Amino acid sequence: MPVNLRQSGQNDVSMLVGTRVRKSPFWHKSVEHGVRAVTVYNKMYHPRLYFSEEQGGLLGEYDYLTRFVTLWNVAVERQIRVKGPDALAFVDQVVTRAMTGEKELVPGKARYVVLCDPAGGIVNDPVLLRVAEDEFWFSISDSDVLLWLRGLNYGLGFDVTVDEIDVSPVQVQGPLSRELMHDLVGAAIDDLKFYNLMEAEIAGCSVVISRTGFSAEIGYEIYLREASYHADALWDAIVAAGLPYHLKVVAPGHIRRIEAGILSYGQDMDLETNPYEVGLGWQVDLDKPSFIGRDALSRIEAEGVTRRLAGLTFGGRPITWYNADFWIVRDAEARRPVGYVTSAFWSPKLSCNIALAMLPVEQAEEGRALTIDRPGEPEPVVAQVAPVPFFDPERTLSKAA
């Protein structure tokens, strides 16, 4: 079990919006588009719902994401820049994947990476963009990479500058996103491959566009330079161009990302988990002679893990809101606690509830019956272990030519 199970239940409370937590350059645009619920992510307000009950709530947002095209305010993916003569060598030292030699991340490309601490715990799982020969951007998930990298380099002494830059991303996601992007930047978008980058201009704004996203649908991230000054121009241009394609502003699609087996930092993994436990062992290149966490990860790989993140499917009332707690998972026979649910939602693709759960390896065999202590249910809910991803395991939608 995690150190803090966070068992508080759903509470009818309001979030204070004040000056201590940052607002993104697109915050006021989210408000204009009717944002109804937010959380705090990377010390910034993060939209989590726009649609009303009459519009279908999160399931209505999912429908638009999977049928049309959607715009997400994801400025919480703060951009931590590493720049300088030793930028490549420093990045190679702090991520678990090889970045040099035959596996070098060359300028104009991006890569999903993992940063670990010396014990092998996951510090962050950003998308890493190489925008120039001597410049990388870490597009981070929910932990303080700026302080982590600065602290590491205090001892490592590489010739680099580590800072946060005024670059804020939005995501354009959904089946019609390529058509929309074509209208915004022209035919060059048609040749942009999965995890590749291109420089462009939208409404007079300088942007970097990546063929990436959190939805597993075809999608793009638009990184706006000097975002504090140009946020309105970029946002309004995307919204206007999206009108013929039924574009809607929605929250990041957590239902769809669970179907795709995309992990959320702080929910499905954190410092208490290592890459091998959460299905990210492919991120660890032990052939690389040196990187932070290598010794611990080498030992873990050799010894094997005792628990792992697995999928669960189960019936009952459709889960249409974020689970507030890590629900306890029990052995079906003895009803003893064996693990915990990290993320759960109703899956329109599978017509059942799905979840990611941390389980002992002996309880994580596909097809095994387990039970879940689901709030509001008088009896434990019967579940079955299922393969992850739940849908489109080859990512054919997001990689479509």
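Every chain's residues receive numbers from 1 upward, in the order its sequence appears when written. At least 70 in pLDDT is required for a residue's local features to be given in this predicted model, at least 80 for side-chain atom pairs to be given and counted, and no such filter applies to totals for whole chains, interfaces and linings, which use all residues. Water and hydrogen atoms play no part in the side-chain values, which are based on all heavy atoms of the structure.

Colleague: Give a description of unusual backbone geometry that names residues and reports values.
Modeller: The omega torsion across V388 and P389 is 5°, close enough to zero to call that bond cis. Here a strand is any run of E in DSSP of at least two residues, a helix any run of H or I of at least four, and the numbering for each starts at the N terminus. Position of P389 relative to the elements: it lies in the segment after β21 (381-386). Phi at K43 is positive, roughly 60°, even though this residue is not glycine. Backbone geometry at Y195 places phi at a positive 65°, although glycine is not the residue there. Tracing the sequence through the fold places Y195 in the loop between α5 (177-185) and β12 (197-202).

Colleague: Go over a negative patch on the surface, please, and point to the residues and values.
Modeller: In this analysis, a patch consists of residues with relative accessible area above 30% that form no salt bridge, clustered at 9 Å for like charges and at 5 Å for the nonpolar side chains Val, Leu, Ile, Met, Phe, Trp and Tyr. Each accessible area is a Shrake-Rupley result for a 1.4 Å probe, and residues are judged covered by the shown protein chains and nothing else. Here, a salt bridge means any side-chain nitrogen of Lys or Arg that lies within 4 Å of a carboxyl oxygen of Asp or Glu. Note that His is not counted, nor are the chain ends; the positive residues are Lys and Arg, and the negative ones are Asp and Glu. For charged residues, the charge sits on one atom: NZ in Lys, CZ in Arg, CG in Asp, CD in Glu. On the surface, a cluster of negative charge is contributed by E179, D183, D190 and D191. By secondary structure assignment, the location of E179 is in helix α5.

Colleague: A description of helix α3 (residues 87-94) should follow, citing residues and the corresponding values.
Modeller: When you tally the buried positions in α3, you get seven out of eight residues, the bulk of the element. Listed as buried for α3 are A87, L88, F90, V91, D92, Q93 and V94. The contact criterion used throughout is that any non-hydrogen atoms of two residues lie within 4.5 Å. Where the residues of α3 are buried, they touch β4 (79-83), β6 (115-116), β8 (127-132), β9 (135-139), α4 (145-156) and β10 (161-164). The buried label goes to any residue with under 20% of its type's maximum accessible area, the exposed label to any with over 50%, and the partly exposed label to all in between, with areas taken from a 1.4 Å probe on protein chains only.

Colleague: Go over the pattern of salt bridges, please, and point to the residues and values.
Modeller: Per the stated rule, a full pass over the model turns up 21 salt bridges. For R307, the salt bridge goes to E277, with nearest N and O atoms at 3.0 Å. With R307 in strand β16 (residues 307-314) and E277 in the loop between α7 (254-259) and α8 (294-303), the pair connects residues that are 30 residues apart, well separated along the chain. Accessibility assignment for this pair places R307 and E277 in one class, buried. Sharing partners across several salt bridges, the network here consists of R22, R78 and E164.

Colleague: Before we move on, could you go through the sheet that holds β12 and cite the residues and values that matter?
Modeller: With mixed pairing, six strands are arranged side by side in an open sheet as β12-β13-β14-β11-β3-β15. At either margin of the open sheet sits one strand with a lone partner, and together these are β12 and β15 (248-249). Taken together, the seven bridges between strand β11 (residues 167-173) and strand β14 (residues 219-225) define a ladder with antiparallel strand orientation. Directly across from Q173, in β14, lies its bridge partner G219. Note on definitions: angles span 0 to 180 degrees between N-to-C directions of axes, and those axes are lines fitted to C-alpha atoms, for helices only across the stretch in contact. Against the sheet, helix α6 (residues 227-242) engages β3 (70-73), β11, β12, β13 (205-210), β14 and β15, with an angle of about 145° to β14. Pairs of strands are assigned from DSSP output, requiring at least two bridges between the strands.

Colleague: Would you mind going over the packing of aromatic side chains in detail, with residue names and values included?
Modeller: Aromatic contacts are taken between Phe, Tyr and Trp rings whose centres are within 6.5 Å, Trp giving its six-membered ring; a plane angle under 30 degrees counts as stacked, one over 60 as edge-to-face, and the others as tilted. Applying the stated criterion across every chain, the model contains eleven aromatic pairs. Centroid distance Y64 to F68: 5.3 Å. Interplanar angle 45°. Geometry classified as tilted. For Y64, a relative accessible area of 21% corresponds to the partly exposed category. One aromatic cluster is present, formed by F51, Y64 and F68 through successive ring pairs. By definition here, charges over rings are those cases where NZ of Lys or CZ of Arg is within 6 Å of the ring centre and within 35 degrees of the ring normal. Cation over ring: R48 sits above Y322, and NZ or CZ is 5.2 Å from the ring centre.

Colleague: Got a sec to walk through empty space enclosed by the protein? Specific residues and values, please.
Modeller: For cavity detection a 1 Å grid was placed over the protein atoms alone, and a set of points counts as a cavity when a 1.4 Å probe fits there but cannot get out; an open set counts as a pocket when protein lies on both sides within 12 Å along at least five of seven lines, with lining residues being those that have an atom within 4 Å of a point. Grid points are joined across faces, edges and corners, and a volume is the space filled by probe spheres set on the points. Per the counting criterion, the structure on display carries two cavities of 30 Å³ or more. By volume, the largest cavity amounts to about 100 Å³. Of all elements in the fold, only α2 (57-67) and α7 reach the threshold of two or more residues within the lining of the largest cavity. For the lining of the largest cavity, the element with the most residues is α2, which contributes four residues. Gly is put with the polar residues, along with every residue not named as nonpolar or charged; the nonpolar set is Ala, Val, Leu, Ile, Met, Phe, Trp, Tyr, Cys and Pro, and the charged set is Asp, Glu, Lys and Arg. The class makeup of the residues in the lining of the largest cavity is nine nonpolar, two polar and two charged. For the second largest cavity, the calculated volume is near 70 Å³. What lines the second largest cavity is simply P2, Q267, D268, M269, D270, E272, T273, F326, Y340, T342 and M358.

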